[in-house]
Amino acid sequence: MFEKFINEVEKVIDSKQLLTSKEALLAYSLDATRLKSMPKAVFLPETSKQLRDVIRLCNEFSISVTPRGSGTGLSGGAVPAKGSLVISFSRMNSILNIDTINLIAEVEPGVITANLQEEVSDQSLFYPPDPSSAAVSTIGGNIAEGAGGPKALKYGVTRDYVMGLEIVLPDGSLIRTGGSTYKNVSGYDLTRLMTASEGSLGLIMKA
Ligand SMILES: Cc1cc2nc3c(=O)[nH]c(=O)nc-3n(C[C@H](O)[C@H](O)[C@H](O)COP(=O)(O)OP(=O)(O)OC[C@H]3O[C@@H](n4cnc5c(N)ncnc54)[C@H](O)[C@@H]3O)c2cc1C
């Protein structure tokens, strides 16, 4: 069954984006908790289309998925579910836009937290969330964990800085939550629901 799934996956991505060697799987089998469970394979998406195509196949073949940033989480969320496909966002790591007028950054989930802090600092701006893992952790992981560091006392935590998200749902469909204005208040607050949901509800593809 899993082999058939992998054959289908290889039709929609470059084979270099799929890791199946024992050594590679070992590297993705744990996070900072040191809990451990071997995944079946690791997928490194580079585009939203690839991500959605593979998620559709996961849905079709009933393959569970474990999203992963840098694996620094301390709640075991990136430890692979048994027999799952790990989706590592390390290659979706672009800062897409920094709007210096409206003070909004658009980023892919694999952006390293410290890189965003430095980029905005170069433009005399300030991104406050500062988990101590910032030199390694990703924005996607920070959002999925609701991370915050010492500056939280004065400035709040990651969730206070997430205005909107693009999320891939388990069937491969895409939803956009929130928006670029604070007065975006009607309807359910799906952005907050996703924040700190530890990858259990969908994949954060853009923030
Ligand atoms: C040395 C150290 C210091 C730390 N300091 C702090 C601190 O000061 N404050 C604090 O709050 N936390 C701290 N942490 C824990 C903190 O939660 C993580 O470091 C960070 O937020 C996780 O980011 P990551 O990219 O490593 O995510 P990972 O560990 O890879 O993943 C964390 C969770 O996010 C999910 N996830 C990752 N990417 C996505 C995505 N794109 N879509 C959906 N789900 C996703 C994973 O499935 C998992 O459930 C620390 C950890 C370490 C090891």
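What counts and how
Residues numbered from 1 in each chain as written. Predicted model: local features only at pLDDT ≥ 70, side-chain atom pairs only at ≥ 80, totals over all residues. Heavy atoms only, no water. Near = heavy atom within 4 Å. Polar contact = N/O pair within 3.5 Å; in protein donor to acceptor, adjacent residues only side chain to side chain. Areas by Shrake-Rupley, 256 points an atom, 1.4 Å probe, with all protein chains shown as cover. 1 Å grid on protein atoms, 1.4 Å probe; cavity = no way out; pocket = protein on both sides within 12 Å on 5 of 7 lines; lining within 4 Å. Sits in = over half its atoms within 2 Å of the grid points. Helix = DSSP H or I, 4+ residues; strand = E, 2+ residues; numbered from the N terminus. Axes fitted to C-alpha atoms, helices over the stretch in contact; angles between N-to-C directions. Parallel < 35°, antiparallel > 145°, perpendicular 65-115°, else oblique. Left-handed = near helix turned anticlockwise from the far one by under 90°. Contact = heavy atoms within 4.5 Å. Pairing = 2+ DSSP bridges. Buried < 20%, exposed > 50% of the residue type's maximum accessible area, 1.4 Å probe, protein only. Domains from an automatic or database assignment. Buried area = accessible area lost by both parts, 1.4 Å probe.

A. Region of interest: the site of the ligand. Residues in contact with the ligand amount to 30 residues; listed here are only the nearest, P67, T72, S133, T138 and G148. Between the ligand and the protein, one listed contact pairs an oxygen atom with a backbone N or O atom of S132 at 2.9 Å. I204 is positioned with one of its backbone polar atoms (N or O) 2.8 Å from a nitrogen atom of the ligand. Relative to its free-state accessible area of 980 Å², the ligand is covered by the protein chains to the extent of 85%. According to the grid-proximity analysis, the pocket containing the ligand is the second largest pocket. Counting only elements with at least two residues in the shell around the ligand, the list comes to β3 (65-68), α5 (139-145) and β9 (203-206).

B. Structural detail: the packing of helix α1 (residues 2-12) against helix α3 (residues 48-61). Between α1 and α3, the shortest axis-to-axis distance is 10 Å and the interhelical angle comes to 160°. One way to sum up the angle between α1 and α3 is to call them roughly antiparallel. Crossing hand, α1 versus α3: right-handed. Contacts from K4, F5, E8, V9 and V12 of α1 reach α3 at Q50, D53, V54, L57, C58 and F61.

C. Quick peek at the sheet that holds strand β7 (residues 164-168). Pairing is antiparallel in the open sheet, where 3 strands are placed in the order β8-β7-β9. Bordering the open sheet on either side are β8 (174-178) and β9, each of which pairs with just one other strand. Each adjacent strand pair in this sheet contributes to an overall mean axis angle of 35°, direction not counted. With 3 bridges joining them, β7 and β9 adopt antiparallel strand pairing. If you follow I167 over to β9, its bridge partner there is I204. On the sheet, α3 packs against β7, β8 and β9 and is oriented at approximately 160° with respect to β9.

D. How the structure looks around the environment of G156. Among the secondary structure elements, G156 is positioned in the loop between α6 (152-155) and β7. When its relative accessible area of 15% is taken as the criterion, G156 is described as buried. Taking the C-alpha atoms as reference points, G156 and S62, 94 residues apart in sequence, are found 38 Å from one another. Beyond its immediate chain neighbours, meaning those up to four positions away, G156 contacts K151 and Y161.

E. How the structure looks around the domain arrangement of the chain. When the domains of the chain are assigned, the result is domain 1 (2-91) and domain 2 (95-206). Measuring from the centre of the C-alpha atoms in domain 1 to the corresponding centre in domain 2 gives 22 Å. Each partner contributes residues to the interface: domain 1 has 16 residues there, and domain 2 has 20 residues. Buried area between domain 1 and domain 2, both sides added, is near 1400 Å², and the carbon and sulfur share of it is 64%.

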